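Structural overview
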2 protein chains.
Amino acid sequence: MTTSIEQDKVTDKRTVILQTTLQLLSERGFHNTPMSLIAEEAGVAAGTIYRYFDNKETLINELFLDLKREMLQHAMARIEPGDTTEEQFRKVWRNFFHYYVTHEDEMRFVEQHHNSPFQSGDVLAAVEEMYAPFANMFAVGVADGSFRELPMEMTSVYIYDVVLAFAKRQLSGKLKMTDELLEEAVQISWDAVKGT
Amino acid sequence: MTTSIEQDKVTDKRTVILQTTLQLLSERGFHNTPMSLIAEEAGVAAGTIYRYFDNKETLINELFLDLKREMLQHAMARIEPGDTTEEQFRKVWRNFFHYYVTHEDEMRFVEQHHNSPFQSGDVLAAVEEMYAPFANMFAVGVADGSFRELPMEMTSVYIYDVVLAFAKRQLSGKLKMTDELLEEAVQISWDAVKGT
DNA sequence: ATCAAAAGAATGAATGTTCATTCCTGTCGT
DNA sequence: ACGACAGGAATGAACATTCATTCTTTTGAT
């Protein structure tokens, strides 16, 4: 009786729990969000959460990895093999920015997780792997002279941290990124890392 | 029997409590650090903490403001009224970097505090005030054409978030900032914000 | 200078609360 | 009737905070 369509629409309590957790944790912080509240908001009993997740830490870490995956997926959107390195760089920059600005909860949650005691070794390793496409893009760019010969960790400042900083300011209302400002910011980052 | 020198050296439990709190919270996170542990590590009874601070939140917020003050003090070190805007900008950039790199606990604690539910209205207002000298430096720089006509919030990305990102990478061992790289990074930030 | 008494500081066991997690029941689809 | 799934009360550990008591320092009268 249960078609796959109905299943997706109604149940999948696992998904509901994850979404609720994301929303609550991003708003209230990790500590201030008891499992009982997650259960209540998800319309589920406390015990039910433990059918899907071993414990709170697991729940949080699985959510974190899901979001990282989704985020990096977005970052790579519309990248074509034929694009020049510069085009790829600019697209990724804008993709990141767009994702953060339209996914505030996700950003806040991931940022909170970033400096928290939940960052275990396995999680770090899993994240490391996800960045492989970027490491590759960087290696190619350096090899053909599109990127300066700087350490990748330095280049990443201008395509990751800078973008994040702009997104935060935009979301907090402290800065309104017009198309012009956005283009300026992208240009600054590209100038910072491009080859001579 | 008790000279003022001995007093300063031995007592001032308030200071001991604050220092211990800084160290523990930066390592273990806000919520993984019970007051009982702070007391133990500080060599003080649990109840004693409450002679000096109303509660845990107050303790954390007072520590936060102390550190912010100290941090901004360092950022302004060696700035002379006669310095050009460019000189000032470069000095502040390096001062920030140096402070973070040599004060890892402080950096971690402040960063953790930054996205946490302890960020109350009063704290934000107090921090806002501390930034006045920078706002002033920016206003002067824009007026005389040293800075581009960008929103201050945009300029601050290149003297605050970028520096923080570099310091974090340096501390995590992912990046070794040589003198050359440091000079490059400063130059990139200055190019990003300088007037035409 | 001495000492009793008051003031101030520190202690740590006790309290009450808040959780994460468990476990016993009930329900529903087959 | 069975088993997987869900419910939610019950459990117990962890924790922030309190407070009656003890220890230390200061005061001031002689």
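Residues numbered from 1 in each chain as written. Chains lettered and ligands numbered in written order. Predicted model: local features only at pLDDT ≥ 70, side-chain atom pairs only at ≥ 80, totals over all residues. Heavy atoms only, no water.

1. Some details on the protein's contact with DNA strand C
Not every one of the 14 residues close to DNA strand C is listed here, only the nearest: Met35(A), Lys56(A), Ala45(B), Thr48(B) and Tyr52(B). For DNA strand C, the backbone makes up 71% of the atoms found within 4 Å of the protein, where backbone means sugar plus phosphate. The contact in question runs from a phosphate oxygen of DNA strand C to an N or O atom on the side chain of Lys56(A), over 2.4 Å. Contact distances for DNA strand C include 3.5 Å between a base nitrogen and a backbone N or O atom of Gly47(B). Counting residues per element, the ones that place at least two in the surface near DNA strand C are helix H4 (46-52) of chain A together with helix H4 (46-52) of chain B. With 4 residues, H4(B) is the largest single contributor of residues to the surface near DNA strand C. (Near = heavy atom within 4 Å. Polar contact = N/O pair within 3.5 Å; in protein donor to acceptor, adjacent residues only side chain to side chain. Helix = DSSP H or I, 4+ residues; strand = E, 2+ residues; numbered from the N terminus.)

2. Brief notes about the packing of helix H10 (residues 152-172) of chain A against helix H10 (residues 152-172) of chain B
The relative placement of two packed helices is expressed as an angle between their axes plus a distance between the axes. Where H10(A) meets H10(B), the axes come as close as 9 Å, and the angle between the chain directions of the two elements is 135 degrees. Between H10(A) and H10(B), the crossing angle belongs to the class labelled oblique. You can see that H10(A) and H10(B) cross each other, and the crossing is right-handed. In this structure, H10(A) contributes Glu153(A), Met154(A), Ser156(A), Val157(A), Tyr158(A), Asp161(A), Val162(A), Ala165(A), Phe166(A) and Arg169(A) to the contact, and H10(B) contributes Glu153(B), Met154(B), Ser156(B), Val157(B), Tyr158(B), Asp161(B), Val162(B), Ala165(B), Phe166(B) and Arg169(B). A breakdown of the residues in the contact of H10(A) with H10(B) according to their chemical character gives 12 nonpolar, 2 polar and 6 charged. (Axes fitted to C-alpha atoms, helices over the stretch in contact; angles between N-to-C directions. Parallel < 35°, antiparallel > 145°, perpendicular 65-115°, else oblique. Left-handed = near helix turned anticlockwise from the far one by under 90°. Contact = heavy atoms within 4.5 Å. Nonpolar A, V, L, I, M, F, W, Y, C, P; charged D, E, K, R; others polar.)

3. Concerning unusual backbone geometry
Non-glycine residue Arg78(A) carries a positive phi angle of around 65 degrees. For Arg78(A), the location among the structural elements is in the loop between helix H5 (56-75) and helix H6 (85-102).

4. A short note on the domain arrangement of chain A
Residues and elements named next belong to chain A. Here chain A is described as being made up of domain 1 (1-53) and domain 2 (64-193). Centre-to-centre separation of domain 1 and domain 2, based on C-alpha positions: 29 Å. Where domain 1 abuts domain 2, roughly 740 Å² becomes buried across the two surfaces, and 66% of that area is made up of carbon and sulfur atoms. By the criterion of area lost to domain 2, the three top residues of domain 1 are Leu22, Ser26 and Phe30, representing 78% of everything that side buries. (Domains from an automatic or database assignment. Buried area = accessible area lost by both parts, 1.4 Å probe.)

5. Looking at the packing of aromatic side chains
Using the criterion set out here, one finds 27 aromatic pairs over all chains in the structure. On the basis of an interplanar angle of 65 degrees and a centroid distance of 6.1 Å, the ring pair of Phe166(A) and Tyr158(B) is categorised as edge-to-face. Taken together, the positions of Phe166(A) in helix H10 and Tyr158(B) in helix H10 put the pair across two chains. Phe166(A) sits in the buried class, given a relative accessible area of 0%. For Tyr158(B), a relative accessible area of 0% corresponds to the buried category. Between Phe96(B) and Phe134(B), the ring centres sit 6.0 Å apart and the planes meet at 20 degrees, which makes this aromatic pair stacked. Linking Phe96(B) in helix H6 (residues 85-102) with Phe134(B) in helix H9 (residues 132-143), this pair joins segments that are 38 residues apart in sequence. Cluster of aromatic residues (ring-pair linked, three or more members): Phe96(A), Tyr99(A), Tyr100(A), Tyr131(A), Phe134(A) and Tyr160(A). (Phe/Tyr/Trp six-rings, centres within 6.5 Å; stacked < 30°, edge-to-face > 60°. Buried < 20%, exposed > 50% of the residue type's maximum accessible area, 1.4 Å probe, protein only.)

6. What to know about the interface of chain B and chain A
The interface of chain B with chain A comprises 26 residues on the first partner and 26 residues on the second. Between chain B and chain A, a total of about 2600 Å² is buried, with carbon and sulfur atoms accounting for 65% of that surface. Where chain B packs against chain A, one counts 6 salt bridges. For Arg169(B), the salt bridge goes to Asp161(A), with nearest N and O atoms at 2.9 Å. The tally of links between chain B and chain A comes to 9 residue pairs in polar contact (both at pLDDT 80 or more). (Salt bridge = Lys/Arg side-chain N within 4 Å of Asp/Glu carboxyl O.)

7. Considering the relation of the copies chain B and chain A
When chain B is fitted onto chain A, the two copies agree to an RMSD of 0.0 Å after a turn of 180 degrees and an axial shift of 0.0 Å. Put plainly, the chains are arranged around a two-fold axis. Of all interface residues in chain B, 100% are interface residues in chain A too; the two copies therefore contact each other through one and the same surface. (Least-squares fit on C-alpha atoms with pLDDT ≥ 70 in both.)

8. Quick look at helix H11 (residues 179-193) of chain A
With 15 residues, H11(A) extends 22 Å between its outermost C-alpha atoms, agreeing within 8% with the 21 Å of an ideal straight helix rising 1.5 Å per residue. Taken together, the buried positions of H11(A) are Leu181(A), Leu182(A), Ala185(A), Val186(A), Ile188(A), Ser189(A), Trp190(A), Ala192(A) and Val193(A). Of the surrounding secondary structure, the elements contacted by the buried residues of H11(A) are H6 and H10 of chain A together with H10 and helix H11 (179-193) of chain B. (Expected span 1.5 Å × (residues − 1).)

9. Details of the protein's contact with DNA strand D
Around DNA strand D lies a shell of 15 residues, among which Thr48(A), Tyr52(A), Met35(B), Tyr50(B) and Lys56(B) are the nearest. Close to the protein, within 4 Å, the atoms of DNA strand D are drawn from sugar and phosphate at a rate of 68%. Side-chain polar atom of Thr48(A) to a phosphate oxygen of DNA strand D: 2.8 Å apart, as the coordinates give it. For the surface near DNA strand D, the elements supplying multiple residues, two or more each, are H4 of chain A together with H4 of chain B. Considering every element that reaches the surface near DNA strand D, the biggest residue donor is H4(A), with 5 residues. Class assignment for the residues of the surface near DNA strand D results in 7 nonpolar, 5 polar and 3 charged.

10. Section: the nonpolar core
Soluble, globular proteins show a tendency: their nonpolar side chains are buried together. Trp93(A), Phe166(A), Trp93(B) and Phe166(B) are the most contacted members of the largest nonpolar core, which totals 126 residues. Once you skip the residues sitting within four places of it in the chain, Trp93(A) turns out to touch Tyr158(A), Ile159(A), Val162(A), Val163(A), Phe166(A), Leu182(A), Ala185(A), Val186(A) and Ser189(A). (Core = buried A, V, L, I, M, F, W, Y, C linked by side-chain atoms within 4.5 Å.)

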